[in-house]
Amino acid sequence: MSEAYKKMVQKKHILHSSIFNQTMRDWHSLKTEITPKNLMYPVFIIEAENELQEIPSMPGVARYGINKLKEYLTPLVQKGLTSVLVFGVISSLSKDESATNADSPNNPVVQALPLLRKWFPNLTIACDVCLCPYSSHGHCGILTDKGHIDNARSIKRIAEISLAYAKAGAHIIAPSDMMDGRIGAIKSILIENDLQNTVSVLSYTCKFASSFYGPFRDAAKSAPASGDRKCYQLPPGGAGVALRAAERDVEEGADFLMVKPIMAYMDILKQVKDKYPEYPMFVYQVSGEYSMIYGAAQKGVFDLKTALMEILGSYRRAGADVIITYYTPLVLDWIALKHKL
Ligand code: PBG
Ligand code: ZN
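An account of the accompanying structure is given in this report. (Residues numbered from 1 in each chain as written. Chains lettered and ligands numbered in written order. Predicted model: local features only at pLDDT ≥ 70, side-chain atom pairs only at ≥ 80, totals over all residues. Heavy atoms only, no water.)

### Looking at the overall build of the chain
No. 1: Looking only at helices and strands, one finds twelve helices and ten strands in the chain.
No. 2: Taking 20 Å as the expected radius of gyration for a compact globule of 341 residues, we find that the chain reaches 22 Å, a close match to that expectation.
No. 3: Projected onto its principal axes, the C-alpha positions of the chain cover 80 × 45 × 40 Å.
No. 4: If you take every contact in the chain between residues at least 6 apart in sequence, the share linking residues at least 24 apart comes to 75%.
No. 5: Carbon and sulfur atoms make up 55% of the accessible area of the chain, which totals about 16200 Å².
No. 6: For the chain, the distance from the average position of its 38 positive side-chain charges to the average position of its 34 negative side-chain charges is 7 Å. (Helix = DSSP H or I, 4+ residues; strand = E, 2+ residues; numbered from the N terminus. Rg over C-alpha atoms; globule rule 2.2 N^0.38 Å. Contact = heavy atoms within 4.5 Å. Areas by Shrake-Rupley, 256 points an atom, 1.4 Å probe, with all protein chains shown as cover. Lys, Arg positive; Asp, Glu negative; His and termini not counted. Charge placed at Lys NZ, Arg CZ, Asp CG, Glu CD.)

Structure (structure tokens):
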């Protein structure tokens, strides 16, 4: 080493000394670790109890009848799965203007909840609440004759459906509809029914009108029959209106907040977390993000595991407490491997 270098080098600018082995590298990264507690797994439940339907636009993801779901979830729970986000998908039940089958006794989620609670007593179950998988028009609210959102009727209906899921056993109500005032309406109906202490509300707070939901709309059979969702989901450029949405949902009593999708909205995550550090932040790595990463790995752009852990770690670094991801089963396997000596 040259004398000139020894003179010139600033001690605190030597970074290599603090990252030269894995233990040290881990010390820098503890806040970005992924444990099973940081993961929530989205699952699609169908009416046919013994069926499993693969979803071509989401390789590795399927819709399950309740008996198949039991088989599928059992080993995941053993590997440490702590929470799921449940979606219902119907094909024989009818769809109508007001999404009657969202909370009818035949709804696959209503039927599955008591069973999931019995089979997996330590699993925390969140239910997505929306009209789009059950409405004839495929929109997330009730429409007026002119085809606009009827907000008052929409949130009344969203609250009713939430109550049905809460009564059937949901721990968490997760409304994804983006109607104004839905968090307050859900909280009120929970209080009226004395469920306020045992059911929480995870708001899809900053949900953007995104091009990354395509594969999900196949999976949930929930694409709008006409038009788009730009009048109720947030505009992708709208950081200001996203912060207003967070402020509103906090004031209406949301227990947990979410940013969705995440990859193109990490600045929103950081801003909401910085503004409301006392709220656990959820991020939803949505269907398009899942399939995009999967496709890139298949094309040899990167190694799936290395890239995915880098991506998920970046969500933790930006402020995510819980990541909702279709990759949960894979990640649980990787975590288990890492801890097996
Ligand atoms: C429906 C809903 C959507 C998602 C969750 N709930 C799609 C949409 O708003 O069109 C997206 C999930 C995903 O893409 O993985 N309200
Ligand atoms: Zn919807």
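From this point, the discussion proceeds with the structure in view.
### Quick word on the nonpolar core
No. 1: Counting residues in each nonpolar core, the largest one holds 115 residues, and the members touching the most others are F44, L73, L116, Y165 and Y284.
No. 2: The dominant element in this core, judged by the number of residues it contributes, is helix α5 (residues 151–168), at eight residues.
No. 3: The contact partners of Y165, leaving out residues within four places of it in the chain, are A102, N107, V109, V110, L113, C127, D128, V129, Y134, A170 and I173. (Core = buried A, V, L, I, M, F, W, Y, C linked by side-chain atoms within 4.5 Å. Buried < 20%, exposed > 50% of the residue type's maximum accessible area, 1.4 Å probe, protein only.)

### Re the site of ligand 1
No. 1: Around ligand 1, the surrounding shell holds 18 residues, and the nearest of these are K207, R217, R229, K260 and Y326.
No. 2: Take R229: an N or O atom from its side chain is 2.4 Å from an oxygen atom of ligand 1.
No. 3: Look at ligand 1: alone it shows 400 Å² of surface, and the protein chains cover 100% of it.
No. 4: Its residues assigned to classes, the shell around ligand 1 comprises ten nonpolar, three polar and five charged. (Near = heavy atom within 4 Å. Polar contact = N/O pair within 3.5 Å; in protein donor to acceptor, adjacent residues only side chain to side chain. Nonpolar A, V, L, I, M, F, W, Y, C, P; charged D, E, K, R; others polar.)

### Here's the deal with the side chain of R157
No. 1: Positionally, R157 belongs in helix α5.
No. 2: Within the structure, R157 has its side chain in polar contact with the backbone oxygen of S98 (distance 2.7 Å).
No. 3: In this structure the side chain of R157 is engaged in a polar contact, spanning 2.8 Å, whose partner is the side chain of D103.

### A look at helix α3 (residues 66–78)
No. 1: With 13 residues, α3 should reach 18 Å at 1.5 Å per residue; the first-to-last C-alpha distance of 18 Å fits that figure.
No. 2: For α3, the principal kink sits at Y72 and spans about 25 degrees; a proline, P75, occurs within the next four residues.
No. 3: Of the positions making up α3, those classed as buried are I66, L69, L73 and L76.
No. 4: Contacts from the buried residues of α3 go to β1 (39–45), β3 (62–64), β4 (83–88), α4 (108–119) and α12 (328–339).
No. 5: Two residues or fewer after α3 comes G80, characterised by a positive phi angle close to 110 degrees. (Expected span 1.5 Å × (residues − 1). Bend = angle between axes of the 7 residues up to and from the residue.)

### A closer look at the coordination of the zinc ion (ligand 2)
No. 1: Taken together, C130 (SG), C132 (SG) and C140 (SG) make up the full set of protein donors to the zinc ion (ligand 2), lying 2.2 to 2.3 Å away.
No. 2: Its four donor atoms give the zinc ion (ligand 2) angles of 96 to 119 degrees at the centre, a pattern that matches the tetrahedral case.
No. 3: Sequence positions of the donors to the zinc ion (ligand 2) reduce to the motif C-x1-C-x7-C. (Donors = N, O, S within 2.8 Å, 3.2 Å for Na, K, Ca; no water. Tetrahedral: all angles 85-135°; square planar, octahedral: opposite > 155°, others 65-115°.)

### Comments concerning the pairing of β1
In regular strands, side chains alternate between the two faces of the sheet.
No. 1: Among the seven residues of β1, seven are classified as buried, and the element is accordingly described as predominantly covered.
No. 2: In β1, alternate side chains face the same way, and those of L39, Y41, V43 and I45 on one face and M40, P42 and F44 on the other are all buried.
No. 3: Note that β1 and strand β10 (residues 322–325) share two bridges and pair parallel. Across the sheet, residue L39 finds its bridge partner in β10, namely I323.
No. 4: Summarising the sheet, β1 and β4 pair through five bridges and their orientation is parallel. Looking across to β4, one finds that V43 is bridged to V86.
No. 5: Relative to β3, β1 runs parallel, the two being bridged by two bridges. The residue bridging I45 from the neighbouring strand is Y64, located in β3. (Pairing = 2+ DSSP bridges.)

### Observations regarding the side chain of S287
No. 1: Within the secondary structure, S287 is located in helix α10 (residues 287–298).
No. 2: Engagement of the side chain of S287 in a polar contact is seen with the backbone nitrogen of F216, the distance being 3.0 Å.
No. 3: Here S287 is in contact with M58, F212, Y213, G214, P215, F216 and Y326, once residues within four sequence places are set aside.

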